[in-house]
Structure formats: structure tokens, C-alpha cells
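Structural features, examined
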Amino acid sequence: MLNPELWGSLRERYEHPRPRKLLALDGGGIRGVLTLQFLGRIEALLAAATGAGSGFRLCDYFDYIGGTSTGAIIAAGLARGMSVAELIEFYRAVGPEMFEKTHLLRRLHSLYKGDPLIAKLQQTFGVETTLEPGNLRTLLLVVTRNVTTDSPWPVSSNPAARYNSPLRPDCNLRVPLWKLVRASTAAPVYFPPEILNWDPNDPMKTFVFVDGGVTPFNNPAFLLFRMATQSQYLLEFPTGEKNLLVVSVGTGAAPTLGLSADSPDANLLETMAALPGALMYSIQVEQDVACRTVGRCTYGDAIDREILDMVPREGEDVGTVEQRLRRPAVPLGHDLGRAFLYVRYNVDLSDLGVARLNCGDLRSADVRKMDNATAGNIEALIRLGKAAATQVDLTHFGPFVS
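First things first, this report covers the structure right here in the doc.

Conventions we followed
- One numbering rule holds for all chains: residues counted from 1, following each sequence as written.
- With the structure being a predicted model, the display of local features is reserved for residues of pLDDT at least 70 and the display and counting of side-chain atom pairs for 80 or more, all residues being used for whole-chain, interface and lining totals.
- The basis for every side-chain value is the complete set of non-hydrogen atoms in the structure, without hydrogens or water.
- Burial classes: relative accessible area under 20% of the type maximum marks a residue as buried, over 50% as exposed, and values in between as partly exposed (1.4 Å probe, protein chains only).
- A run of H or I in DSSP becomes a helix once it reaches four residues, and a run of E becomes a strand once it reaches two; helices and strands are each numbered from the N terminus.
- Whenever two N or O atoms come within 3.5 Å, that pair is a polar contact, provided that in protein one can donate a hydrogen and the other can accept it, and provided that, for residues adjacent in sequence, both atoms are side-chain atoms.
- Only heavy atoms matter for contacts: two residues are in contact if any of them lie within 4.5 Å across the pair.
- With a 1 Å grid spanning the protein atoms alone, the term cavity applies to any set of points in which a 1.4 Å probe fits but cannot get out, the term pocket to an open set with protein on both sides within 12 Å along at least five of seven lines, and the term lining residue to any residue with an atom within 4 Å of a point.
- Grid points are joined across faces, edges and corners, and a volume is the space filled by probe spheres set on the points.
- Just so you know the grouping, Ala, Val, Leu, Ile, Met, Phe, Trp, Tyr, Cys and Pro go in nonpolar, Asp, Glu, Lys and Arg go in charged, and all remaining residues, Gly too, go in polar.
- Only one rule defines a salt bridge in this text: a Lys or Arg side-chain nitrogen within 4 Å of an Asp or Glu carboxyl oxygen.
- Helix axes are fitted to C-alpha atoms over the stretch in contact, other axes to C-alpha atoms as well, and angles between N-to-C directions run from 0 to 180 degrees.
- Orientation labels follow simple angle bins: below 35 degrees gives roughly parallel, above 145 gives roughly antiparallel, 65 to 115 gives roughly perpendicular, and whatever is left gives oblique.
- Two helices crossing with the near one rotated counterclockwise from the far one by less than a right angle form a left-handed crossing, whereas a clockwise rotation gives a right-handed crossing.

1. Concerning unusual backbone geometry
Positive phi outside glycine occurs at serine 69, with the angle close to 55°. Residue classification places serine 69 among the buried residues on the basis of a relative accessible area of 6%. One non-glycine residue, leucine 234, lies in positive phi territory at about 60°. In this fold, leucine 234 is placed in the loop between helix H9 (221-229) and strand E7 (244-249). Under the relative-accessibility criterion, leucine 234 is labelled partly exposed at 33%.

2. Details of the side chain of asparagine 219
Position of asparagine 219 relative to the elements: it lies in the loop between strand E6 (206-211) and H9. Look at asparagine 219 and you get buried, because its relative accessible area is 0%. Polar contacts involving the side chain of asparagine 219 include one to the main-chain amide nitrogen of alanine 221, which spans 3.1 Å. If we ignore the near neighbours within four places in the chain, the residues touching asparagine 219 are Asp26, Ser248, Gln284, Gln287, Asp288 and Arg344.

3. Focus on H9
Extensive coverage of H9 is indicated by the burial of 8 of its 9 residues. Within H9, burial applies to Ala221, Phe222, Leu223, Leu224, Phe225, Met227, Ala228 and Thr229.

4. Observations concerning the layout of surface pockets
The volume enclosed by the second largest pocket comes to roughly 850 Å³. Lining of the second largest pocket is provided by 29 residues; of these, Ala253, Asp301, Ala302, Val347 and Asp348 occupy positions nearest its centre. Broken down by secondary-structure element, the contributors of at least two residues to the lining of the second largest pocket are helix H10 (268-294), strand E9 (341-345) and helix H12 (351-356). Residue contributions to the lining of the second largest pocket peak at 5 residues, all from H10. Grouping the amino acids of the lining of the second largest pocket by side-chain chemistry returns 13 nonpolar, 7 polar and 9 charged.

5. Topic: the pattern of salt bridges
Tallied over the entire structure, the rule returns 21 salt bridges. Its salt-bridge partner being arginine 145, residue aspartate 150 comes within 2.5 Å of it at the nearest N-O pair. Across the pair arginine 313 and aspartate 309 runs a salt bridge, and its minimum N-O distance is 2.6 Å. You can call aspartate 309 buried: its relative accessible area is 8%. Within the structure, one salt-bridge network assembled from shared partners comprises Arg13, Arg18, Arg20 and Asp63.

6. Some points on the packing of helix H3 (residues 32-50) against helix H6 (residues 84-98)
Remark: H3 packs on H6, axes separated minimally by 9 Å, with the N-to-C direction vectors making an angle of 165°. Taken together, the axes of H3 and H6 are roughly antiparallel relative to one another. Note on packing geometry: the crossing formed by H3 with H6 is left-handed. Across the interface between the two elements, Val33, Leu36, Gln37, Leu39, Gly40 and Glu43 of H3 pack against Val84, Leu87, Ile88 and Tyr91 of H6. For the contact of H3 with H6, a count of residues per class yields 7 nonpolar, 2 polar and 1 charged.

Right, dumping it as C-alpha cells:
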């Protein structure tokens, strides 16, 4: 039984074991606008399927929502009960201001101002709003990086978690939500770091935080699964294909092509400039593969030509790539004993991927930039995301729709 004093208004929802749904949202700067197009379609389809109508919110469906960086903004908004449309307007309003260049003399510290985002986060989430149960309609996970301790800090609103006890002077649940989200979005070089004082009476509990995207959890899907199910986190959602669904949504991806054998020498600055994006891409793929290995993938783009999309299919795994992908998937009614059902939605931002979505007038180089927040590019991302979001189908969710 849950402690009603800890869980408060969330007690009834979580006190009894039942099938659970998790939503994980990648980091990716202004490309969070792409994520929102997938979420908008999921919201609309679920609203129709459940008969909830316009009052439906994703926080009513997903039992745990986690996000990193721009994904943390979206996750926090959804957990608070915002609609996808409201979050799209947030990005339209704050995007161009968020990436406004700082004064020349301050660019040694950061390229962009932090203040516009701070003001908007405070306005949207409230200055005094914390992670305590009365402030959220579902469980929330925000990933940031503690520079002081040189470690990833995934901060959860799970009232039962060890560091969320109200008896602790440094209880995680008392951290202002806007500050935690700001910490998760403080991309090094682009924005100033965020300083959070976990215990007002203990200077040793004051830490410096930067973007969660520079941890292994820019794609937080597998982390969210662990924190929802492993006994150490004191939540222990049941596992199994009929007990747990994980939906993971990306911010678009495409490999960055580098040197060829014809030009093996690289300029150091060019190599360093490409490194962060290359690391984020490889980390995203690795977390995705982990989910498809432990969970049962019902939908997702092919990872590569060897393992393809890892959707379990009938028959022998032989033939060309096209022949292997045409093999029918094993029906979801046939339980394969995996830990969860897994869905991965993302956008191919290569020139070929953009063209396939009938958006060939858009340049891959423009839509791939995480800081291209002009009004025109935001609208371009919305158009591209809507085209990609047609891949969303509730059949991917298996038995978790009704």
C-alpha cells in the first residue's frame, strides 16, 4: 500500500498494480517542435479512441513521462496537464527569444541569453511550483547533469524514492520545477549553467547543472524503464508485454557524414565541431537498441542493414533488406516474454528523408540545427513533423489503447 501522506492526490492512480504506460522524450533544442507533432497525433488518436474528446490530456494516459533538455520542457508541461497545442504555442513564443545572441563581451560564457527562457518557464510552470504530487497529474522524470559532482542526475517526482522523503532537508520534491527544467536545458556554450540549492541551510548542497543532453540519457527511454521497474527506485511497475508500454519520441536524427578515404586529414576545429552531434547521435541509437533488445519493438525505423528495426517477424531472417522487412510481424497476441512493448517515433532529417516526406524544399542543413529558432524555421519544423507524424498508429500500442 502507498503512504497516502506521501502520494497525496496521486494515491488513487498508483496504489494498485495495473498495466502502465511510459513516455520518453529526447533532447534536441528547437527540434522539440518535431516531437510535439508526434505527440499531437498521439493525443488526437487517443482522445478519439477513449471517447474523452477535447478534454483529453496525455498525462491522463501515460503514468510516467520523462524528458531530457527540450524533452524536459515538454515532459514537464504534459505532466502539469498542458495540451500539445499549448506547448506548440510555447515554442512559437519563446523559441526566437531563447536563442537570441548574448552581448559580444559575454559570449566567452555562453552564446545565447538564458533570461527569456527563465521568464517563460516561470510564467508557464509557476515560480513556486515544485515536484510534489499536488503539482503534477502524472509522474515526471527530468534528466540533467550535475557539473559539481560530474554525474548525470535523473530527478524523479516519485514520492517513494529515497531522496524524495519529506523528512530530508534536501528533498528533491521541493526543487522548483522551472529551475529543474532550466537546468536540463542549459546546453554548455549555448546557455549559462543553472545553480540549484538543494538545502538552503547547507552550502555543500548547492550544485551547478548543465544540459542533460551531455549525459548518456539524451534519449531517456531505457533510463525511464529502469527507474519505473527496478526495486532500487521503489516504484516497481510490473514488467511484461501486457503490463508495460514504452513510447519513445525523438527530435529527428541523421548521421553526420565525415571524412572519406580520399581526404583522411581533418582540421581540428572541424572535428571538434562535429563531435557533440556525433556523440548525441550514437548515444540516441544505443539507448534505442537497448530498448529494442530488452523490450519488444512494435514500430521503429531500421537501425542499420544488419539488425534492421528489430521488430520480431515470422519466418527465417534471410534475403535482402527489403525482403526481410516485408516479412509479417509476429502478432502481438503471441507473447514473446519481453519486458515491455516498445514504440519509437522519429524523423529522418537527411536530405533523402526530408524529400520522402514531400518537404524537399526544406534543407537538411537548416532543419538539423538545434538552435535555428527563427519563426520561419519553427514553421518548417512543424510542417515536417506533421508529415512524419502520419506514421503514428495506435496498433503499435497493442493492448494499451482500451
